[in-house]
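Structural overview for review
Here are the chains, one letter per residue:
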Amino acid sequence: MTTRTIAAVMMAVLLAAPGAVLAQAGQDQAKPAQLVKLSFDDKGYVVTPSTVTKGVPVKMDVDLDTVKGCMRTVVIDAFNVKQTVKAGATTIEFTPTKSGPIQIVCGMNMGKGQFTVAEPATK
Ligand SMILES: [Cu+2]
């Protein structure tokens, strides 16, 4: 192998590396997510649909028309979520890591609601 060939191989490796990283980042974004909506009625928080699957990332879009004031600080202790939403930033993302009934409260522990995490279907 000549020095020139070795140099060419090294160039190829250097050029390929950033592309590989980009491809991986793209794959992460393509991960399937469960889309749910968070609203608020006279009883408290409402998650629609009310059941999600364990282990699959959730994207929760908060309806600012019904979720107002301090209720916009959304706390889901079970999954270490504490996030204040506002216009232009209404999505809360988390991955449910355990199943069962999950509580949602506001930052002051006033408004309450619940949704269900189900075990993934067995095939
Ligand atoms: Cu509150």
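That block above? That's the structure.
Quick word on the side chain of Gln 34
Along the chain, the position of Gln 34 falls in strand S1 (residues 34-41). On the accessibility criterion, Gln 34 (14% relative accessible area) is buried. Once you skip the residues sitting within four places of it in the chain, Gln 34 turns out to touch Val 52, Thr 53, Val 56, Pro 57, Val 58, Lys 59 and Pro 96.

A look at the coordination of the copper ion
Taken together, the protein ligands of the copper ion are Cys 70 (SG) and Cys 106 (SG), with distances of 2.1 to 2.2 Å. A residue pair is termed long-range when its members are at least 10 positions apart, and Cys 70 in the loop between strand S4 (58-62) and strand S5 (73-76) and Cys 106 in strand S8 (residues 100-106) qualify at 36 residues. Overall, Cys 106 belongs to the buried group, its relative accessible area being 1%.

Things to note about the packing of aromatic side chains
Under the definition given, this model contains 3 aromatic pairs. Taking the centre distance of 5.0 Å and the plane angle of 85° together, the rings of Phe 40 and Tyr 45 count as edge-to-face. Cluster of aromatic residues (ring-pair linked, three or more members): Phe 79, Phe 94 and Phe 115.

Brief notes about the pattern of salt bridges
Across all of its chains, the model carries 1 salt bridge by this definition. Two residues, Lys 54 and Glu 119, come together in a salt bridge whose shortest N-O distance is 3.2 Å. One end of the pair, Lys 54, is in the loop between strand S3 (51-53) and S4; the other, Glu 119, is in the segment after strand S9 (112-118), and 65 residues separate them in sequence. On the basis of relative accessibility, which here comes to 48%, the residue Glu 119 falls in the partly exposed class.

Cut-off values and rules
- Residues numbered from 1 in each chain as written.
- Predicted model: local features only at pLDDT ≥ 70, side-chain atom pairs only at ≥ 80, totals over all residues.
- Heavy atoms only, no water.
- Helix = DSSP H or I, 4+ residues; strand = E, 2+ residues; numbered from the N terminus.
- Buried < 20%, exposed > 50% of the residue type's maximum accessible area, 1.4 Å probe, protein only.
- Contact = heavy atoms within 4.5 Å.
- Donors = N, O, S within 2.8 Å, 3.2 Å for Na, K, Ca; no water.
- Phe/Tyr/Trp six-rings, centres within 6.5 Å; stacked < 30°, edge-to-face > 60°.
- Salt bridge = Lys/Arg side-chain N within 4 Å of Asp/Glu carboxyl O.

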